[in-house]
Amino acid sequence: MRKSSSVVLIWTFDDSAFLTLSVWCQMTDLLYTEKDLVTSLKDYIRAEENKLEQIKRWADKLDSLTAAATQDPEGFLGHPVNAFKLMKRLNTEWGDLESLVLSDTSDGFISNLTIQRQHFPTDDDQTGAAKALLRLQDTYRLDANTISTGDLPGAIHKIHMTVDDCYELAKIAYTEVDYYHTELWMTQALKQLEEGEESNIDMVTVLDYLSYAIYQQGELDRALELTKRLLELDPEHQRAKGNLKYFEFQLEKQNKAEPDEDEDKKEQVTNKTTEKKQKKESRQTFSLIPERKKYEMLCRGEGIRMTPQRQSRLFCRYYDNKHNPKFLLAPVKQQDEWDRPYIVRYLDIISDTEMEKVKQLAKPRLRRATVHDPQTGKLTTAQYRVSKSAWLTEYDDPLIDKLNQRIEDLTGLEMDTAEELQVANYGVGGQYEPHFDFGRKDEPDAFKELGTGNRIATWLFYMSDVAAGGATVFPDVGASVRPKKGTAVFWYNLFPNGEGDYSTRHAACPVLVGNKWVSNKWIHERGQEWRRPCNLSEAD
């Protein structure tokens, strides 16, 4: 079996997204790294506390001694022992104390920190993580407060974002000239400050960014209002004073240029009515909605359309693939997920032991995913695919050969011309936007180097449950398939006549909470001539 040059995986938005992914895919290692650093830090604190305790005892002793001595200096020094001890203290003991104070107990901690720093995330990683969070916010329509309080669906380990966290997220958006998200997160930071949360970030700083972000979105009235509020807190803020004059001038200029206010209000009402009507019509006509919107709707569990009549034609059954001897005594559980295209799910088809073995084999090989560029014919990273992947063959472990045989027995398709088993891991925010698995007519050389024809079918193992997000969706038909650990889904990418089935265009939704593991097998045309022969009708 051979590996296709057409696909591997990533993290969206930009190259920095992969850097974040490379960190997040090793989050377990990073957690243990941080735990080790905390242990080292505590050892340093104990050493410092011990040193300070010694210094404190010395200071307390001398404090009482000097207090008594200074009340009667001559009488005190009249005692020869006191005179001797004073000389000794100043000549020797204060020197010892100086050495103690100057002693560095941080060597162990600093050394450990230096070693571990090579594994730390970079600024680009942090930016990529922030972008992933903003992407999730948009896809799943989450308000900033829901994210800040950690109240995400399916989340077990909830953690609150501080004012500093919200502020840093807003600043990253600001740096990316994303004023929409800058407003959302500066507003959240301001809200938490108003609720009394302590922070090194003050309201003046937040209001400064917030007013400018709102101005950039064309809302002069709100920008002016926030600037006035800023100046109430800091009347000498130079930039705000300048902005105040500028906003007032722009508003005055805008008001003079506007038509009659009543006519303008009428027009706004008319526009809002038209907008509501358009939204209503859009909801009624799913097929007319832009693909990106359909994709996000399906990821949120919206817009899934199937009539009761079509739903009634979907069944579950025990399946033995035409009395295959391997399944006669123990048929597998099979259920229909969708009718057109026909998508079927196999339940309890891979065991926990097998899934863990596949993951362990794949983890050391996980690499940034790439896709086939139809224009250049070369592998390249893509902003619409966010994950990491690895390829496994039967030579890596007998289990892979066993899984390949199981897929062949259940589908009836030849595996010798199929691609290697690809294992993919999608961390938080990981996704793969709408795409086709098969090569289209405008990509005649997509799989030419393999010499096995086009991808006739796709088999997809789900090797983990996902707390929230991570569904496989088909935007053109409104289908959504949820990940379920231990199951697999299967569909044909080509019609029996060899033409591509464009309704199989699909996507992997971003993982909102959890970690998604899948493995897939892309099955090719060659070798299927007698297993899935062409129909007599050319149109089929």
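Whatever comes next refers back to the structure up there.
Analysis parameters
- Residues numbered from 1 in each chain as written.
- Predicted model: local features only at pLDDT ≥ 70, side-chain atom pairs only at ≥ 80, totals over all residues.
- Heavy atoms only, no water.
- Helix = DSSP H or I, 4+ residues; strand = E, 2+ residues; numbered from the N terminus.
- Contact = heavy atoms within 4.5 Å.
- Areas by Shrake-Rupley, 256 points an atom, 1.4 Å probe, with all protein chains shown as cover.
- Disulfide = S-S within 2.5 Å.
- Buried < 20%, exposed > 50% of the residue type's maximum accessible area, 1.4 Å probe, protein only.
- Expected span 1.5 Å × (residues − 1).
- Phe/Tyr/Trp six-rings, centres within 6.5 Å; stacked < 30°, edge-to-face > 60°.
- Lys NZ or Arg CZ within 6 Å of the ring centre and 35° of its normal.
- Axes fitted to C-alpha atoms, helices over the stretch in contact; angles between N-to-C directions.
- Parallel < 35°, antiparallel > 145°, perpendicular 65-115°, else oblique.
- Left-handed = near helix turned anticlockwise from the far one by under 90°.
- Nonpolar A, V, L, I, M, F, W, Y, C, P; charged D, E, K, R; others polar.
- Salt bridge = Lys/Arg side-chain N within 4 Å of Asp/Glu carboxyl O.

Draft legend 1. Molecular detail of the overall build of the protein. In terms of regular secondary structure, the protein is built from 17 helices and 18 strands. When contacts within the protein are restricted to residue pairs at least 6 apart in sequence, long-range pairs at least 24 apart make up 74% of them. Entry remark: accessible area of the protein is about 29800 Å², with carbon and sulfur atoms responsible for 52%.

Draft legend 2. Molecular detail of the state of the cysteines. Taken as a whole and assessed by the stated rule, the structure comprises one disulfide. The partner cysteine of Cys299 in its disulfide is Cys509, sulfur to sulfur 2.0 Å. Because the sign of the S-S torsion sets the handedness, a value of about -90° for the bond joining Cys299 and Cys509 places this disulfide among the left-handed ones. Separated by 210 residues along the polypeptide, Cys299 in helix α14 (residues 291-299) and Cys509 in the loop between β16 (506-508) and β17 (511-513) bring together distant segments of the chain. Each member of the pair, Cys299 together with Cys509, is buried.

Draft legend 3. Just unusual backbone geometry, in detail. A cis amide bond links Arg340 with the next residue in sequence, Pro341, at an omega value of 0°. Its place among the elements puts Pro341 in the loop between β3 (332-338) and β4 (343-347). With a phi close to 50°, Arg141 is a non-glycine residue in the positive phi region. Tracing the backbone shows Arg141 in the loop between α6 (123-139) and α7 (144-148). Positive phi, close to 50°, is recorded for Asp348, a residue that is not glycine. Mapped onto the elements, Asp348 comes out in the loop between β4 and α16 (352-362).

Draft legend 4. Region of the structure containing helix α8 (residues 163-175). Under the 1.5 Å per step criterion, the end-to-end length of α8 is 18 Å for 13 residues, consistent within 8% with the ideal 18 Å. Within α8 the residues assigned to the buried category are Val163, Cys166, Tyr167, Leu169, Ala170, Ile172 and Ala173. Residues of α8 that are buried make contact with α6, α7, α9 (179-194) and α10 (203-216). Positioned one or two residues after α8, Val177 has a phi angle of 60°, which is positive.

Draft legend 5. Region of the structure containing the packing of aromatic side chains. On inspection of all chains with the given rule, the structure shows 21 aromatic pairs. When the centroid spacing of 5.0 Å and the interplanar angle of 90° are considered together, the rings of Tyr174 and Tyr209 count as edge-to-face. Of this pair, Tyr174 sits in helix α8 while Tyr209 sits in helix α10; the two residues are 35 residues apart in sequence, bridging distant segments of the chain. Where Tyr215 meets Tyr246, the ring centres are 5.9 Å apart and the plane angle is 80°; that geometry is what we call edge-to-face. Within this pair, whereas Tyr215 is found in helix α10, its partner Tyr246 is found in helix α12 (residues 238-257), the two being separated by 31 residues in sequence. Given the relative accessible area of 36%, Tyr246 is considered partly exposed. If you follow Lys516 out to its NZ or CZ, it ends over the ring of Tyr426, 5.0 Å from the centre.

Draft legend 6. Structural detail: the packing of α10 against helix α11 (residues 220-233). One way to put it is that α10 packs onto α11 with a least axis distance of 8 Å and a crossing angle of 165°. Classified by the interaxial angle, the pair formed by α10 and α11 is roughly antiparallel. With respect to the hand of their crossing, α10 and α11 are arranged in left-handed fashion. On α11, the residues that touch Met203, Val204, Leu207, Asp208, Leu210, Ser211, Ile214 and Tyr215 of α10 are Leu220, Arg222, Ala223, Leu226, Thr227, Arg229, Leu230 and Leu233. Residue composition of the contact of α10 with α11, by class: eleven nonpolar, two polar and three charged.

Draft legend 7. Just the environment of Asp165, in detail. Within the element layout of this structure, Asp165 appears in helix α8. Assessed through its relative accessible area of 36%, Asp165 is described here as partly exposed. Remark: the alpha-carbon pair of Asp165 and Ser148, spanning 17 residues in sequence, is separated by 8.7 Å.

Draft legend 8. The arrangement of the pattern of salt bridges in detail. Here the structure, examined in full by the defined rule, presents 33 salt bridges. Put simply, Asp348 and Lys333 hold a salt bridge, and the shortest N to O gap is 2.5 Å. With Asp348 in the loop between β4 and α16 and Lys333 in strand β3, this residue pair connects regions lying 15 residues apart in the sequence. A network of salt bridges, in which partner residues are shared, links Glu183, Glu219 and Arg222.

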